[in-house]
2 protein chains.
Amino acid sequence: MSQQYQCRIYVTLRPSVLDPAGTAVQSGLKQLGYEGVEQVRIGKYIELTMTATDESHARQQLDEMCDRLLANPVIENYRFEITTVTSNQLLMG
Amino acid sequence: MSQQYQCRIYVTLRPSVLDPAGTAVQSGLKQLGYEGVEQVRIGKYIELTMTATDESHARQQLDEMCDRLLANPVIENYRFEITTVTSNQLLMG
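Cut-offs used in this document
- Residues numbered from 1 in each chain as written.
- Chains lettered and ligands numbered in written order.
- Predicted model: local features only at pLDDT ≥ 70, side-chain atom pairs only at ≥ 80, totals over all residues.
- Heavy atoms only, no water.
- UniProt positions renumbered as here; feature names shortened; annotations may be inferred.
- Helix = DSSP H or I, 4+ residues; strand = E, 2+ residues; numbered from the N terminus.
- Expected span 1.5 Å × (residues − 1).
- Buried < 20%, exposed > 50% of the residue type's maximum accessible area, 1.4 Å probe, protein only.
- Arc of directions from axis to C-beta.
- Contact = heavy atoms within 4.5 Å.
- Buried area = accessible area lost by both parts, 1.4 Å probe.
- Salt bridge = Lys/Arg side-chain N within 4 Å of Asp/Glu carboxyl O.
- Polar contact = N/O pair within 3.5 Å; in protein donor to acceptor, adjacent residues only side chain to side chain.
- Nonpolar A, V, L, I, M, F, W, Y, C, P; charged D, E, K, R; others polar.
- Axes fitted to C-alpha atoms, helices over the stretch in contact; angles between N-to-C directions.
- Parallel < 35°, antiparallel > 145°, perpendicular 65-115°, else oblique.
- Left-handed = near helix turned anticlockwise from the far one by under 90°.
- Pairing = 2+ DSSP bridges.
- Disulfide = S-S within 2.5 Å.

Under the annotation held in an unreviewed UniProt entry, chain A carries the name Phosphoribosylformylglycinamidine synthase subunit PurS and is attributed to Aphanothece sacrum FPU1. A UniProt comment under Subunit (unreviewed entry) is attached to chain A, and it reads "Part of the FGAM synthase complex composed of 1 PurL, 1 PurQ and 2 PurS subunits." Quoted verbatim from the Catalytic activity (unreviewed entry) field of UniProt, the annotation for chain A is "N(2)-formyl-N(1)-(5-phospho-beta-D-ribosyl)glycinamide + L-glutamine + ATP + H2O = 2-formamido-N(1)-(5-O-phospho-beta-D-ribosyl)acetamidine + L-glutamate + ADP + phosphate + H(+)".

Helix length check: helix α2 (residues 55-70) of chain B (16 residues) gives 19 Å between terminal C-alpha atoms against 22 Å at 1.5 Å per residue, more than 12% under. For α2(B), the full list of buried residues reads A58(B), Q61(B), L62(B), M65(B), C66(B) and L70(B). All buried residues of α2(B) fall inside an arc of 140 degrees around its axis, so they share one side. Each element contacted by the buried residues of α2(B) is listed here: α1 (20-31) and β2 (37-52) of chain A together with β1 (3-13), β2 (37-52) and β3 (76-84) of chain B.

Counting from both sides, the interface comprises 32 residues of chain A and, opposite them, 32 residues of chain B. Looking only at chain A, the three residues that lose the most surface to chain B are Y34(A), E38(A) and Y45(A), adding up to 21% of its buried area. Here chain A and chain B share 0 salt bridges between them. Applying the counting criterion to the chain A and chain B interface returns 18 residue pairs in polar contact (both at pLDDT 80 or more). Sorting the residues of the side of chain A that touches chain B by element identifies β1 (3-13), α1, β2 and α2 (55-70) of chain A as the ones contributing at least two each. Element by element, the count of residues in the side of chain A that touches chain B is highest for β2(A), at 15 residues. Looking at side-chain class alone, the side of chain A that touches chain B contains 15 nonpolar, 9 polar and 8 charged residues.

The next subject is the packing of α1(A) against α2(B). Interaxial distance between α1(A) and α2(B) falls to 11 Å at its minimum, and their mutual angle equals 110 degrees. The pairing of α1(A) with α2(B) is recorded here as roughly perpendicular in orientation. Here α1(A) runs over α2(B); the crossing is right-handed. Note on element contacts: α2(B) touches α1(A) through M65(B), L69(B) and L70(B), opposite V25(A), G28(A) and L29(A). A breakdown of the residues in the contact of α1(A) with α2(B) according to their chemical character gives 5 nonpolar, 1 polar and no charged.

Here we take up the pairing of β2(A). Taken together, the 9 bridges between β1(A) and β2(A) define a ladder with antiparallel strand orientation. Across the sheet, the residue bridging to V11(A) is K44(A), located in β2(A).

Glancing now at the state of the cysteines. Note on terminology: disulfide describes a covalent bond linking the sulfur atoms of two cysteines. Following the criterion strictly, the structure yields 0 disulfides over all chains and no others. Take C66(B): it sits in no disulfide, and the sulfur closest to it among the cysteines is that of C7(B), at 9.3 Å.

Residues and elements named next belong to chain A. In the structure shown here, the tally under the stated rule is 2 salt bridges over all chains. Between R59 and E55 there is a salt bridge, with its nearest N and O atoms 3.1 Å apart. Pair noted here: R59 and E55 are both in helix α2, with a separation of 4 residues, about one helical turn. The class of R59 is partly exposed, set by a relative accessible area of 32%. The exposure class assigned to E55 is partly exposed, which follows from its relative accessible area of 33%.

Pairing between sheet strands relies on hydrogen bonds along the backbone, with the strands arranged either parallel or antiparallel. An order of β3(A)-β1(A)-β2(A)-β2(B)-β1(B)-β3(B) is seen for the 6 strands of this open sheet, with the pairing classed as antiparallel. In this open sheet, the two strands that pair with only one neighbour each are β3 (76-84) of chain A together with β3 of chain B. Going from strand to strand, the sheet's axes swing by 20 degrees on average, the running direction of each strand aside. Bridge analysis of β1(B) against β3(B) gives 9 bridges, and the strand direction is antiparallel. Residue pairing across strands places Q6(B) opposite T83(B), the latter belonging to β3(B). Sheet strands in contact with α1(A) are β2 of chain A together with β2 of chain B, and its direction is about 125 degrees off that of β2(A).

Below, the structure is given as C-alpha cells:
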C-alpha cells in the first residue's frame, strides 16, 4: 500500500556563491533602519506532497528530483524533511 | 551587551493564493516520471544574521522586517526560527 508524505525542501546557495538578491535585501533593511542585520542569504523553500511505497523510496525520489530539477547542484545545496500524512491531517486540509 | 542571532525565515504563499510556479514544477516533475507528486508550493527561505540586545527584541525586529520588506502580508504568510550564535559557531564559519 502506498503512503502519502509531506516534504519540506530547503534549497540554499553554496557558501562560496555570491548572493546579489540577499545583498540587496540587506541594504534595503539597513535603509529601513535595521542596523543590526549582518548577513542575508536567500534560498527556496518548497512544500511538496507525494505518494510512495515507503519512506526510503520517498527519500530516494526526492534526492533525484532535487538533483534533476529542484536545485542546481553546481551552485546550490539542498536538504529536506519528510513527514507522514495521516488521514486526520488530510481531513483538516 | 548585544548578542548575535541566526534567523531562518520561511515565507509561503497563503493557501488561497494560486502558485503558477509550483504548478509548473509539478508538471515538470510529472514529465520526468515522478507520477507520485501531488502538490508543489514554492516559497522563500531566508537566512539572516543579526545582532540584538535580547531574543524578544530580535523577534520583534524580525516581525517588523517580514511585514515591511521580506514578505507581502496580502498574499504571503511567514514564520521564523531564531538561534543564538556562540563564538564557537562563528569560528567554524
